[in-house]
Structure formats: structure tokens, C-alpha cells
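# Inside the fold
Listed here are the chains, written in short residue letters.
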Amino acid sequence: MFIVLLKFTGDKAEAGRLMAAHKDWIEQGFAAGVFVLVGSLPGGTGGALMARGVSMSDLKERVGEDPFVQEGVVSAEIIEIEPGRADPRLRFLADDAAAI
């Protein structure tokens, strides 16, 4: 399982121009079953997403396809988490480690 932090680094004004393409990229991630949660970081500093069922190399490739990343509007940090224990409602996340 992964947490991806997308933090504004470039011209934040460019985000508006790229927003539709960025949202399409997010939808593709959900449709592929890779993204399970997406949200904004406090203070308008960027966004974050949770990904599962994908290898680090495949996720890096997918993140590199984000128009925000391609245009240098955000920097991407990928944090890998090896689930050990989860609330029963999130058991699917802990079980994900065996699926990769």
C-alpha cells in the first residue's frame, strides 16, 4: 500500500489550466482499482492519494503520467506502507500485501 503526496512546487496558477486533465488521471486510477482515496492537503498545499494493488515501479510510472507532475506544478513523494494490522473495516488494505 502507498501514500502519494503531491505538493505544489511550481506555478500554482498552472493548476487551473491542468485541472481537467488531472481529474481524468485520478479517474483512471480509480477505474484501474489502484486509487482507493484522494484528497487535498490542508492550506491548499497540494493533494494526497492512497494506492494499493500495484508495485512501486508501476505506481511511479502512473504518478509520472499525472499532468501536474509532468508540468512541474507538483512534486510527488511516494511512501510505501507494509500493512501489519488494520481495523476490520480496512482489512482489505492489510490483506493487500499478499496480492502484490
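Report follows, based on the coordinates. It should be emphasised that the depicted structure is a prediction, and the values quoted were computed from it without experimental measurement.

Turning to the overall build of the protein chain, a few remarks are in order. From N to C terminus, the protein chain includes four helices and four strands. The linear arrangement of helices and strands in the protein chain, starting from the amino end, is β-α-β-β-α-α-β-α. Its C-alpha atoms give the protein chain a radius of gyration of 14 Å, within 12% of the compact-globule value 13 Å for 100 residues. The buried share of the protein chain, reckoned over its 100 residues, is 33%. Within the protein chain, counting contacts between residues at least 6 apart in sequence, those at least 24 apart form 70% of the total. With the model as given, the accessible surface of the protein chain reaches about 5900 Å², and the carbon-plus-sulfur share is 52%. Computed over 10 positive and 15 negative side-chain charges, the inter-centroid distance for the protein chain is 7 Å.

Turning our eyes to something else, we now look at the pattern of salt bridges. The tally for this structure, following the rule as stated, stands at three salt bridges. E71 is the salt-bridge partner of R17, the closest N and O atoms lying 3.8 Å from each other. Taken together, the residues span a long stretch of sequence, with R17 in helix α1 (residues 14-31) and E71 in the loop between α3 (67-70) and β4 (74-80) at a distance of 54 residues. For E71, a relative accessible area of 49% puts it in the partly exposed group. With a closest N to O distance of 2.9 Å, R89 and D87 form a salt bridge.

The pairing of strand β2 (residues 35-40) with strand β3 (residues 46-51) spans five bridges and is antiparallel. Pairing of S40 across the sheet is with G47, part of β3.

Rules used in this analysis
- Residues numbered from 1 in each chain as written.
- Predicted model: local features only at pLDDT ≥ 70, side-chain atom pairs only at ≥ 80, totals over all residues.
- Heavy atoms only, no water.
- Helix = DSSP H or I, 4+ residues; strand = E, 2+ residues; numbered from the N terminus.
- Rg over C-alpha atoms; globule rule 2.2 N^0.38 Å.
- Buried < 20%, exposed > 50% of the residue type's maximum accessible area, 1.4 Å probe, protein only.
- Contact = heavy atoms within 4.5 Å.
- Areas by Shrake-Rupley, 256 points an atom, 1.4 Å probe, with all protein chains shown as cover.
- Lys, Arg positive; Asp, Glu negative; His and termini not counted.
- Charge placed at Lys NZ, Arg CZ, Asp CG, Glu CD.
- Salt bridge = Lys/Arg side-chain N within 4 Å of Asp/Glu carboxyl O.
- Pairing = 2+ DSSP bridges.

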